[in-house]
Amino acid sequence: MKAIQIVSESGPDSALELVELPEPEPSHMLTPGAGVVIDVHAAGVSFPEVLQTRGEYQLKPPLPFVPGSEVSGVVRSAPSEARVNAGDRVAAFCGLGGFAETAVAPEFFTFALAPALDFAQGAGLILNYHTAYFALVLRGRLKEGETVLVQGGAGGVGTAALQVAKGLGARTIAVVSNDAKQRVAAQAGADDVVLLNDDWKDEVRALSGGGVDVVLDPVGGDRFTDSLRSLREGGRLIVVGFTGGSIPQVKVNRLLLGNTEVVGAGWGAYVMGKPDLNREVGAAVNRMVDERVIRPIVGARFPLERAGEALHAIDERRATGKVVLDVRSG
Ligand SMILES: NC(=O)c1ccc[n+]([C@@H]2O[C@H](COP(=O)([O-])OP(=O)(O)OC[C@H]3O[C@@H](n4cnc5c(N)ncnc54)[C@H](OP(=O)(O)O)[C@@H]3O)[C@@H](O)[C@H]2O)c1
């Protein structure tokens, strides 16, 4: 099979190689001896793969390895107890190995792909939407009628969070860095979109009548303190990622003064050993697909062999929605 490997830790320009590899065994590292084998049609590209080309991600497999945490495609074979069968269209979280014509995922991370979604949308379904649902519902305790501020609202996690929050009956405000991203966040369903400038916090406070109930933050960096200041009493700031480059520090007196909380949301580590929870989140996400609330926004698409360009788009802050590699046509 054709696959993209990371062969060095020299960055997206030189770390990737298109190679020919033997087909994988029907076994996944999380479920040794068992796994769903998938003919990959599309592979999702995300921030961690950029970091992996520099050796900067927490998960560091020995070189060379095939990156790619999520795919969509058609099941070639599945363990007998699996809820999917050969021939089914699926979206799956494989962790690694997705940038390839064949990938293997654990049964509990493989979900039927609704007919309403194409394969490119399927490749953007699990990491972002499961994270958004986990972060907003299980960590942020978002309730119907509350207001959510989503940082990086045109990004992969951002667009997903906007849709999931709407599906939960919340009002949404996105913060984005330019006009093109403003249009993407609006397309994702944001009720209001605020441009990242010196006044963004004041605009958010005005739009929300004094402060939001929840901030979902995949960016971190300099804007973190203003995100905290955007919360109303009892508000929760959910920490999801650090694309802004720096890990913010919290002066905890701010939490005391505002009666607010900072909550961590690390989806992968939390759900890894909890198959029932995965199924529950998968069912909730698929329900929102059926209700037309969730429609993954696919930004740039590249053929497998141009994976480096996909990583560049993310690295240079140009990506919107989900960046996807087309592995098979159709
Ligand atoms: N906690 C979890 O379980 C979990 C799960 C999935 C992903 N994540 C993390 O969430 C973060 C976002 O992932 P994503 O897929 O949504 O990424 P993405 O699509 O690239 O979006 C990230 C957003 O961050 C903003 N940003 C600010 N400074 C940036 C910079 N220097 N470079 C790139 N982007 C910058 C950009 O928005 P503006 O230009 O509008 O500011 C961009 O749209 C990543 O750190 C990822 O590892 C965490």
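Residues numbered from 1 in each chain as written. Predicted model: local features only at pLDDT ≥ 70, side-chain atom pairs only at ≥ 80, totals over all residues. Heavy atoms only, no water.

Q: Lay out the pairing of strand 8 (residues 147-151) in plain terms, naming residues and giving numbers.
A: Judged by how many residues are buried, strand 8 sits mostly within the fold: five of five residues are covered. Every second residue of strand 8 is oriented toward a common face, with Thr147, Leu149 and Gln151 on one face and Val148 and Val150 on the other, all of them buried. Summarising the sheet, strand 8 and strand 9 (residues 171-176) pair through five bridges and their orientation is parallel. Directly across from glutamine 151, in strand 9, lies its bridge partner valine 175. (Buried < 20%, exposed > 50% of the residue type's maximum accessible area, 1.4 Å probe, protein only. Helix = DSSP H or I, 4+ residues; strand = E, 2+ residues; numbered from the N terminus. Pairing = 2+ DSSP bridges.)

Q: Just give me the short version of the sheet that holds strand 11 (residues 212-217), but keep the residues and values in it.
A: Across the sheet, which stays open at both edges, the six strands sit in the order 10-9-8-11-12-13 with parallel pairing between neighbours. Edge positions in the open sheet fall to strand 10 (192-195) and strand 13 (261-264), since each of these has one partner strand only. Across the sheet, the axes of successive neighbouring strands diverge by a mean angle of 20 degrees, strand direction being ignored. Note that strand 12 (residues 231-239) and strand 13 share four bridges and pair parallel. Residue pairing across strands places valine 239 opposite glycine 264, the latter belonging to strand 13. Lying over the sheet, helix 4 (residues 156-167) contacts strand 8, strand 9 and strand 11, oriented at roughly 170 degrees with respect to strand 8. (Axes fitted to C-alpha atoms, helices over the stretch in contact; angles between N-to-C directions. Contact = heavy atoms within 4.5 Å.)

Q: If you had to explain the nonpolar core to someone new, which residues and values would you point to?
A: The biggest cluster of nonpolar side chains holds 54 residues, and the ones touching the most others in it are Leu125, Leu136, Val148, Val164, Trp267 and Ile294. At eight residues, helix 3 (residues 126-139) tops the list of elements feeding residues into this core. Leu16, Val19, Ala100 and Ala103 belong to the second-largest nonpolar core, a separate cluster that totals 37 residues. (Core = buried A, V, L, I, M, F, W, Y, C linked by side-chain atoms within 4.5 Å.)

Q: Before we move on, could you go through the packing of aromatic side chains and cite the residues and values that matter?
A: Enumeration according to the criterion identifies five aromatic pairs in this entry. Ring centres of phenylalanine 109 and tryptophan 267 lie 5.6 Å apart, and the angle between their planes is 45 degrees; this geometry places the pair in the tilted category. Placement of phenylalanine 109 in the loop between strand 6 (102-105) and strand 7 (110-112) and of tryptophan 267 in helix 9 (residues 267-271) is noted, with a sequence separation of 158 residues between them. Like tryptophan 267, phenylalanine 109 is buried. Ring geometry for phenylalanine 134 and tyrosine 270: centres 5.0 Å apart, planes at 45 degrees, overall tilted. With a gap of 136 residues between them, phenylalanine 134 in helix 3 and tyrosine 270 in helix 9 connect regions that are remote in the sequence. Judged by its relative accessible area of 1%, phenylalanine 134 is buried. Grouped by ring-pair contacts, the aromatic residues Phe93, Phe108, Phe109 and Trp267 constitute a single cluster. Over the aromatic face of phenylalanine 119 sits the side chain of arginine 89, whose NZ or CZ is 4.8 Å from the ring centroid. We note lysine 274 situated over the ring of tyrosine 270; from NZ or CZ to the ring centre the distance is 4.0 Å. (Phe/Tyr/Trp six-rings, centres within 6.5 Å; stacked < 30°, edge-to-face > 60°. Lys NZ or Arg CZ within 6 Å of the ring centre and 35° of its normal.)

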